[in-house]
Amino acid sequence: MKNIAKRAGVLYALAAAFIVGLVILTAQFAVNGGAWSSNRFNRHIYTRGQIASAGAITDRNGEVLAKSDGGKRLYHESRAVRKATLHAVGDTEGFISTGIQSAYRQELTGYSFLNGIYTLKKYGRGSDIRLTLDANACAAAYNALDGRKGTVGVYNYKTGELLCMVSAPSYDVNNKPSAMALASQEKYEGVYLNRFLSGLYTPGSTFKVVTAAAALENIGDITTRSFVCDGKLELPSGTIICSAVHGKLNFEKAFNRSCNSAFAQIAVELGSQRLTQETVSLGFGESFSVGALATAKSRFNVSGADEAQLGWAGVGQHTTLVNPCHMLMIAGAVANGGEGLAPYLVDTITNPSGIVTYKGSLFKEKGVSMPAETASRLSGLMRSNVENYYSDSRFPGLRMCGKTGTAEVEKGKQPHAWFLGFSQRDDLPLAIVVVVENGGSGNSEAIPVAARVMKALDGGR
Ligand SMILES: [Zn+2]
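This write-up is about the structure you can find in this document. (Residues numbered from 1 in each chain as written. Predicted model: local features only at pLDDT ≥ 70, side-chain atom pairs only at ≥ 80, totals over all residues. Heavy atoms only, no water.)

### A word on the coordination of the zinc ion
Reasoning step 1: Taken together, the protein donors to the zinc ion comprise Cys229 (SG), Cys242 (SG), His246 (ND1) and Cys259 (SG), at separations of 2.1 to 2.4 Å.
Reasoning step 2: Classification of the site at the zinc ion as tetrahedral follows from its 4 donor atoms and the range of 100 to 119 degrees in their angles at the metal.
Reasoning step 3: Mapping the donors of the zinc ion onto the primary sequence gives the spacing C-x12-C-x3-H-x12-C. Assigned by exposure class, Cys242 and His246 land together as buried. (Donors = N, O, S within 2.8 Å, 3.2 Å for Na, K, Ca; no water. Tetrahedral: all angles 85-135°; square planar, octahedral: opposite > 155°, others 65-115°. Buried < 20%, exposed > 50% of the residue type's maximum accessible area, 1.4 Å probe, protein only.)

### Digging into the packing of aromatic side chains
Reasoning step 1: Overall, the coordinates contain 11 aromatic pairs when judged by the stated rule.
Reasoning step 2: Plain terms: the ring middles of Phe207 and Phe300 are 5.4 Å apart, the flat faces sit at 10 degrees to each other, and that makes the pair stacked. Taken as a pair, Phe207 in the loop between helix H9 (195-198) and helix H10 (208-218) and Phe300 in the loop between strand S14 (293-294) and helix H13 (307-314) lie far apart in primary sequence, 93 residues in all.
Reasoning step 3: With relative accessibility at 12%, the residue Phe300 sits in the buried group.
Reasoning step 4: Linked through ring pairs, Phe95, Tyr171 and Tyr192 together constitute an aromatic cluster.
Reasoning step 5: The positively charged end of Lys403 is found above the aromatic ring belonging to Phe255, 6.0 Å away from the centroid. (Phe/Tyr/Trp six-rings, centres within 6.5 Å; stacked < 30°, edge-to-face > 60°. Helix = DSSP H or I, 4+ residues; strand = E, 2+ residues; numbered from the N terminus. Lys NZ or Arg CZ within 6 Å of the ring centre and 35° of its normal.)

### Some details on the side chain of Ser298
Reasoning step 1: Examined against the element boundaries, Ser298 turns out to sit in the loop between S14 and H13.
Reasoning step 2: Within the local environment of Ser298, its side chain forms a polar contact with the backbone nitrogen of Asn323, the two atoms lying 3.0 Å apart.
Reasoning step 3: Here His326 takes part through its side chain, which lies 2.7 Å from a polar atom of the side chain of Ser298.
Reasoning step 4: The contacts of Ser298, once residues within four sequence positions are left out, are Leu200, Phe284, Gly285, Glu286, Leu321, Val322, Asn323 and His326. (Polar contact = N/O pair within 3.5 Å; in protein donor to acceptor, adjacent residues only side chain to side chain. Contact = heavy atoms within 4.5 Å.)

Here's what the structure looks like:
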């Protein structure tokens, strides 16, 4: 009897273990089913480890960026467009996790948890995805980067549509370099990374937009203050170096000329708490959703910083790192009366029966916001930068507003060149961010890239 009871106990234990295992398996299948079915070993969808049968990906004008034909994945006929849209479309093998072919593979391959690959078997493919991107503008941005690493992003600040998202280095999917070359050559460093969404950079003087916002909100008489720059600001704990001897300036001129002495002084007056508060309210420390994709979190930390470090933080140096997509949203907030929409990349998803199953414009993700009054004053200051300092002639007919940055990085390396701005034209409500890694001066290297891309989006005028 004892033995039987023991055996029954063992059986019960085994049965219980089996049921628990089944529950875990089912739960995992529900969570991972899509990934399991459409992983690259599934022969129905992948041939020799490559995505073969899937819906088409087009740009906003219907240009086909990727499609399947006869079990092969085909890409745009222009090499420049293929390279410029690599990070948006994704590669054939799925190494670029932020690419549409990875992030939306369930939709593209027609997999659903209930039906498995039923849709694929019935129709031979999954849904088609139309992006908000403009392929020509992406190619213009890639060409303007001219072999340098970096990123360009442009979006409509009134709707959130992302028109340009380019990350360099890139490669041609139709002529992929060897795995060895991609892994070891300096020119391909971080090639699978989408720098716009996942990159983090020292912002340099583009951060003065944030410091200026804090000043406008916290220092009542900031616009009538005057500053004196003798090429540096000496503080007990260190010296802030300025790019020039600017002499006497008011707040607007200090912003125009990007005076470090004045802005470090403003940062010290604001103090670490108020400056930190401003960054938090503008979305530092947060990840934003661009559809199914997520941005890297911008970082601002001045806890324990001395005055000189706080001064450097106020001019976009110290330990601060920003994500380009997040900076674009801040520019969007300035341009759009304080409401910085989150960008979106997927315009529509259409199933094989022609039914639209997803519309990006209906899903407003959380963006960044600032008081309308701050946005309006920053907009005036950024317009003044172009009108009175960079020159409108560099952005013909665009009515641009902007702020450059020349972000100091490691010793012995050129600084990162930045431009953050937007057009005030009602018929061209576009904001842009440009980062040229180790490109040098923002004024001389990032502005021409921005001007070329904006021109391409302004009908090539
Ligand atoms: Zn100065």
